[in-house]
Amino acid sequence: MKGSLAILLFFLLGCTCGVYYNVDFDIHELSVYVLYVLMILLGINLGCNQDLKGFAKSINLKVLLVPIATVSGTFLFSAVAGFILSRWSIFDCMAVGSGFAYYSVSSVLITQLKAPSLGMQLATELGTIALLANIFREMAALIGAPLIYRFFGRLAPISAAGIGSADILLASISKYSGKEAIPIAVMHGILINISVPFFVSLFCKM
Amino acid sequence: MFIFLFLMASGAVVGYRFRCVSKIHKVTSLIQIVICFLLFILGFSIGTNRLIMGNLKYFCEQAALIAGLSMLGSSVAALLVYQFFFKKGGDYEG
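Residues numbered from 1 in each chain as written. Chains lettered and ligands numbered in written order. Predicted model: local features only at pLDDT ≥ 70, side-chain atom pairs only at ≥ 80, totals over all residues. Heavy atoms only, no water.

Right, let's get into the overall build of chain A. When helices and strands are tallied, chain A shows eleven helices and zero strands. Mapped in sequence order, the helices and strands of chain A form the string α-α-α-α-α-α-α-α-α-α-α. Projecting the C-alpha coordinates of chain A onto the three principal axes gives extents of approximately 50 × 40 × 30 Å. Per-residue burial for chain A yields a buried fraction of 58% across its 206 residues. Contacts in chain A between residues far apart in sequence, at least 24 positions, make up 68% of those at least 6 positions apart. One finds the centroid of the 12 positive side-chain charges in chain A at a distance of 16 Å from the centroid of its 9 negative side-chain charges. (Helix = DSSP H or I, 4+ residues; strand = E, 2+ residues; numbered from the N terminus. Buried < 20%, exposed > 50% of the residue type's maximum accessible area, 1.4 Å probe, protein only. Contact = heavy atoms within 4.5 Å. Lys, Arg positive; Asp, Glu negative; His and termini not counted. Charge placed at Lys NZ, Arg CZ, Asp CG, Glu CD.)

Attention now moves to the environment of B:Ile31. Its place among the elements puts B:Ile31 in helix 2 (residues 27-47). The exposure class assigned to B:Ile31 is buried, which follows from its relative accessible area of 8%. Contact partners of B:Ile31, with chain neighbours within four places excluded, come to A:Leu38, A:Leu41, A:Leu42 and A:Asn45.

For the coordinates displayed, the defined rule picks out zero disulfides over all chains. Free cysteine A:Cys204: the closest other cysteine sulfur is in A:Cys93, separated by 12 Å. Owing to a relative accessible area of 5%, A:Cys204 belongs among the buried residues under this scheme. This cysteine, B:Cys36, is not joined by any disulfide, and A:Cys17 carries the nearest cysteine sulfur, 14 Å off. Of the residues examined, B:Cys36 reaches a relative accessible area of 7% and is grouped as buried. (Disulfide = S-S within 2.5 Å.)

All names here are of chain A. Direction vectors running N to C along helix 6 (residues 103-118) and helix 7 (residues 120-143) enclose 160°, while the axes themselves pass 7 Å from each other. On the basis of their axis angle, the class for helix 6 and helix 7 is roughly antiparallel. Pair helix 6 / helix 7 crosses with right-handed handedness. For the pair formed by helix 6 and helix 7, the contact residues are Tyr-103, Ser-106, Ser-107, Ile-110, Thr-111, Lys-114, Ala-115 and Leu-118 on the first element and Met-120, Leu-122, Ala-123, Thr-124, Leu-126, Gly-127, Ala-130, Leu-131, Asn-134, Ile-135 and Glu-138 on the second. (Axes fitted to C-alpha atoms, helices over the stretch in contact; angles between N-to-C directions. Parallel < 35°, antiparallel > 145°, perpendicular 65-115°, else oblique. Left-handed = near helix turned anticlockwise from the far one by under 90°.)

A word on the nonpolar core. If you look at the biggest cluster of nonpolar residues, it comprises 66 residues, and the most contacted ones within it are A:Leu35, A:Leu38, A:Val96, A:Phe100, A:Val105 and A:Ile110. Here the element with the most residues in this core is helix 2 of chain B; it accounts for eleven residues. In this structure, A:Leu38 is in contact with A:Val105, B:Ile31, B:Val34, B:Ile35 and B:Leu38, ignoring residues within four places of it in sequence. (Core = buried A, V, L, I, M, F, W, Y, C linked by side-chain atoms within 4.5 Å.)

To continue, consider unusual backbone geometry. Residue and element names in this part refer to chain A. Phi is positive for Phe-100, close to 45°, though the residue is something other than glycine. Following the sequence through the fold, Phe-100 ends up in the loop between helix 5 (90-97) and helix 6. Of note in the backbone geometry, Ala-101 takes a positive phi value of approximately 75° without being a glycine. Along the chain, Ala-101 turns up in the loop between helix 5 and helix 6. With a relative accessible area of 2%, Ala-101 lands in the buried category.

None of the figures reported here should be taken as evidence of function without further support.
Have a look at this one:
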């Protein structure tokens, strides 16, 4: 929660600085290079996980059904948002949904990848919506975990968390879904984490 | 897309190779710092954009709709998976 608030604070600080100051270099180019660094660091973090082999062995079809449910449910209902929001296409809304609470990466990716087709203005707007939507998802999954568990069962807090199921939301998942759900939550988080750049890019190209 | 996946895969190989080095586990803190910097840059680019700053409420409404529907969709799908594949006789078998 502290991490989310710090990120939100930096975002708001950036907004405030942007309102009052201007820079004479391409800020979007800078964000791409920082994103490259982030991707390498995320890869290192994934690779140096001591339990990586144990997790790999625990993969079975049943465990894989949870991320499949997360992905299919999110895509289906994000597509519904595409019908409600006439300004954006179904695939734009699916690209936003496919961030799975990974607000930092998805928002920057969407802004960069949609710029050639939509133009910088609309791409930044969609990137902003992606950022806000994925922050809302993480916050809601964190705060609403007991309600999600009550109405949708033990696996729902994992699915609702998106990539957060492997880190920030693991404690609340353990509390409501039980300790047995931890390996499922971690595997779910890793697989969703890997899928984000792929699905966001895919829907941005459509 | 392939550049991002390639960089992530390269990082994973490096991480796996040096997983026994204790300092490499501090990468989590570094990730948090980079994400904060990235969000600062994103916020900065949004802050310089007068159109977006003047319509924040409008963006929040759209974001809330997509976030709400995404969570609802994944929760319903998770409920179906739980009912059909995980729940046997009222017991949880993860």
